[in-house]
Amino acid sequence: MEQSWKKAKAVFAAALGPPLVWLVVFFVAPMAIVWAYSFGHNVGLTEISFTGTIANYARALEPLYLKIFVKSAWVAALTTALCLVIGFPVALAITFASQKAKTWLLLLVMLPFWTNLLIRTYALIAVLRTEGYVNQGFEWFWNIGAKVAPLGAYQPLELLHNNFAVILGLVYVHLPFMVLPLYSALDRLDKSLLEASLDLGAGHLRTLFRIVVPLALPGIASGILITFIPALGAYLTPDLLGGPDSQMIANVIERQFKRANDWPFGAALSFLLMYLTFIAIAVQALLSKGRKKEGVG
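Not measured: the values here are computed from a predicted model.

## Side note on the overall build of the chain
Each helix and strand counted, the chain has 13 helices and two strands in total. Taken over the C-alpha trace, the chain has a radius of gyration of 25 Å; the compact-globule value for 297 residues is 19 Å, which it surpasses by more than 25%. Dimensions of the chain along its principal axes, counting C-alpha atoms only, are 75 × 65 × 35 Å. Taking all 297 residues of the chain together, the buried fraction comes to 33%. Accessible area of the chain: about 18,300 Å², with a carbon and sulfur share of 71%.

Structure (structure tokens):
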């Protein structure tokens with residue numbers, strides 16, 4: 001028995017070794033270098049001195065950057081809320097669809113993952129731009145109305161390079177991240193509980209909010225977490241769809257590394273964003289632990 005366990009440990013170590021080395025070399029080590037940069041300062045165009053200073057973190061907490069952090073968190077929170085409102089009915093519909101329809105609906109939800117984000121964003125630009133499909137549709141209806149009443153010339157809607165476009169783009173990109181964990185939680189529900197609730201006269205809406213939502217809370221919490229974190233660090237969507245006042249913290253970080261050549265400050269901003277991510281994960285874990293304790297009690 002002891003010999004068998006030793007062999008099992010050897011097999012486990014052999015299987016774990018290469019991925020662990022890969023993780024350390026290509027993830028932990030680069031992150032450690034960037035973390036060290038956050039405590040340094042520039043002494044030349046390409047030279048950084050590691051002095052242990054916290055001046056970069058103090059600068060990151062100035063009102064200008066705090067305002068961008070708060071705005072980024074607000075945009076991410078609004079995106080997450082919209083994804084939840086839209087994604088919950090979608091996940092519910094997939095859950096109660098027939099087996100054949102369920103397969104196709106899940107395929108449609110996962111289909112965006114097979115297309116590059118840059119291509120999807122440019123497709124959204126083609127829809128929202130001044131000569132895009134949305135404005136063309138509105139102009140068509142406007143011209144029909146102009147035949148009945150004098151409406152004047154159609155003025156295209158400004159749907160790009162503003163906060164509306166950024167939030168719409170973030171919802172468009174992150175909606176599958178909300179739908180899939182919600183579907184996973186809803187699909188495990190005991191359908192007999194829903195039937196019992198309806199038989200007792202609760203009604204569909206009351207059953208939804210008193211039975212379905214509480215039982216789906218783990219999926220809701222997971223969906224919120226894995227939607228909020230990528231939305232908070234979104235770079236491409238606000239860069240292409242937003243205007244000068246629509247930039248998020250990831251865009252500021254990019255400018256520090258590529259344009260301002262201030263790597264220490266960019267590293268400090270990056271790790272502040274990472275610390276916020278850890279806090280969000282910790283809060284979600286504490287809430288989940290609290291719900292489990294309540295369930296046991």
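After that view of the structure, there is still more to cover.
## What to know about the side chain of Asp 262
With respect to the helices, strands and loops of the structure, Asp 262 is situated in the loop between helix 12 (249–258) and helix 13 (263–296). Overall, Asp 262 belongs to the buried group, its relative accessible area being 15%. A distance of 2.9 Å separates a polar atom in the side chain of Asp 262 from a polar atom in the side chain of Arg 59. With near-sequence residues (within four places) excluded, Asp 262 lies in contact with Asn 42, Arg 59 and Gln 256.

## Brief notes about the environment of Leu 208
Mapping Leu 208 onto the fold places it in helix 9 (residues 204–215). The spatial distance from the C-alpha of Leu 208 to the C-alpha of Asn 251 is 40 Å, given a sequence separation of 43 residues. Among residues more than four places away in sequence, those in contact with Leu 208 are Phe 88, Leu 92 and Val 213.

## Some points on the UniProt feature "transmembrane region" (unreviewed entry) in the chain
Feature annotation in UniProt assigns "transmembrane region" (unreviewed entry) to the following positions: residues 12–37, 73–97, 104–128, 164–186, 207–236 and 265–287. As annotated, residues 12–37 comprises 100% helix and 0% strand, and the C-alpha atoms at either end are separated by 36 Å. Secondary structure across residues 104–128 comprises 76% helix and 0% strand; the distance between its end C-alpha atoms is 28 Å.

## With respect to the nonpolar core
In terms of nonpolar packing, the biggest core is built from 24 residues, with Phe 88, Leu 186 and Val 212 touching the most fellow members. Among the elements of the structure, helix 3 (63–95), helix 4 (99–110), helix 7 (163–187) and helix 9 are those that each provide at least two residues to this core. Tallying contributions element by element places helix 7 first for this core, with nine residues. The residues touching Leu 186, leaving out its near neighbours within four places in the chain, are Phe 88, Ala 91, Leu 92, Thr 95, Lys 191, Val 212 and Ala 216.

## Observations regarding the side chain of Asn 56
As for its placement among the helices and strands, Asn 56 is situated in helix 2 (residues 55–60). A polar atom in the side chain of Asn 56 sits 3.0 Å from the backbone oxygen of Ser 38. Sequence-distant contacts of Asn 56, that is, excluding residues within four places in its chain, are made with Tyr 37, Ser 38, Phe 39, Gly 40, Pro 264, Phe 265 and Ala 268.

## As for the packing of aromatic side chains
All chains considered together, the criterion is met by 11 aromatic pairs. Between Phe 39 and Tyr 57 the ring centres are 5.3 Å apart and the planes differ by 45 degrees, which places this aromatic pair in the tilted class. One end of the pair, Phe 39, is in the loop between helix 1 (2–37) and strand 1 (40–42); the other, Tyr 57, is in helix 2, and 18 residues separate them in sequence. Take Tyr 57: its relative accessible area is 11%, and that puts it in the buried class. With centroids separated by 5.3 Å and ring planes inclined at 80 degrees, the aromatic side chains of Phe 113 and Phe 177 adopt a geometry described as edge-to-face. Note that Phe 113 is positioned in the loop between helix 4 and helix 5 (117–128) and Phe 177 in helix 7, a separation of 64 residues in sequence. Take Phe 113: its relative accessible area is 38%, and that puts it in the partly exposed class. Through a chain of ring-to-ring contacts, three or more aromatic side chains come together here, namely Tyr 37, Phe 50, Phe 257 and Trp 263. Over the aromatic face of Phe 265 sits the side chain of Arg 59, whose NZ or CZ is 3.8 Å from the ring centroid. In this structure, Lys 191 packs its charged tip against the face of Phe 96, placed 5.8 Å from the ring centre.

## Here we look at the UniProt feature "domain: ABC transmembrane type-1" (unreviewed entry) in the chain
Mapped onto the present numbering, the UniProt feature "domain: ABC transmembrane type-1" (unreviewed entry) falls on residues 69–284. In this annotation, residues 69–284 is assigned 76% helix and 0% strand; the end-to-end C-alpha distance for the span is 20 Å.

## Some remarks on a nonpolar patch on the surface
Residues Phe 12, Leu 16, Leu 20, Val 21, Trp 22, Leu 23, Val 24, Val 25, Phe 26, Phe 27 and Val 28 make up a contiguous nonpolar surface patch of roughly 1,100 Å² in combined accessible area. By the secondary structure assignment, Val 24 is in helix 1.

## Quick look at helix 3
Compared with an ideal rise of 1.5 Å per residue, which puts 33 residues at 48 Å, helix 3 spans 46 Å between its outermost C-alpha atoms and is within 8% of the ideal. Along helix 3, the largest kink reaches about 30 degrees and is centred on Gly 87; proline Pro 89 follows within four residues of it.

How each quantity is defined
- Residues numbered from 1 in each chain as written.
- Predicted model: local features only at pLDDT ≥ 70, side-chain atom pairs only at ≥ 80, totals over all residues.
- Heavy atoms only, no water.
- Helix = DSSP H or I, 4+ residues; strand = E, 2+ residues; numbered from the N terminus.
- Rg over C-alpha atoms; globule rule 2.2 N^0.38 Å.
- Buried < 20%, exposed > 50% of the residue type's maximum accessible area, 1.4 Å probe, protein only.
- Areas by Shrake-Rupley, 256 points an atom, 1.4 Å probe, with all protein chains shown as cover.
- Polar contact = N/O pair within 3.5 Å; in protein donor to acceptor, adjacent residues only side chain to side chain.
- Contact = heavy atoms within 4.5 Å.
- UniProt positions renumbered as here; feature names shortened; annotations may be inferred.
- Core = buried A, V, L, I, M, F, W, Y, C linked by side-chain atoms within 4.5 Å.
- Phe/Tyr/Trp six-rings, centres within 6.5 Å; stacked < 30°, edge-to-face > 60°.
- Lys NZ or Arg CZ within 6 Å of the ring centre and 35° of its normal.
- Patch = residues over 30% accessible without salt bridge, like charges linked within 9 Å, V, L, I, M, F, W, Y side chains within 5 Å.
- Salt bridge = Lys/Arg side-chain N within 4 Å of Asp/Glu carboxyl O.
- Expected span 1.5 Å × (residues − 1).
- Bend = angle between axes of the 7 residues up to and from the residue.

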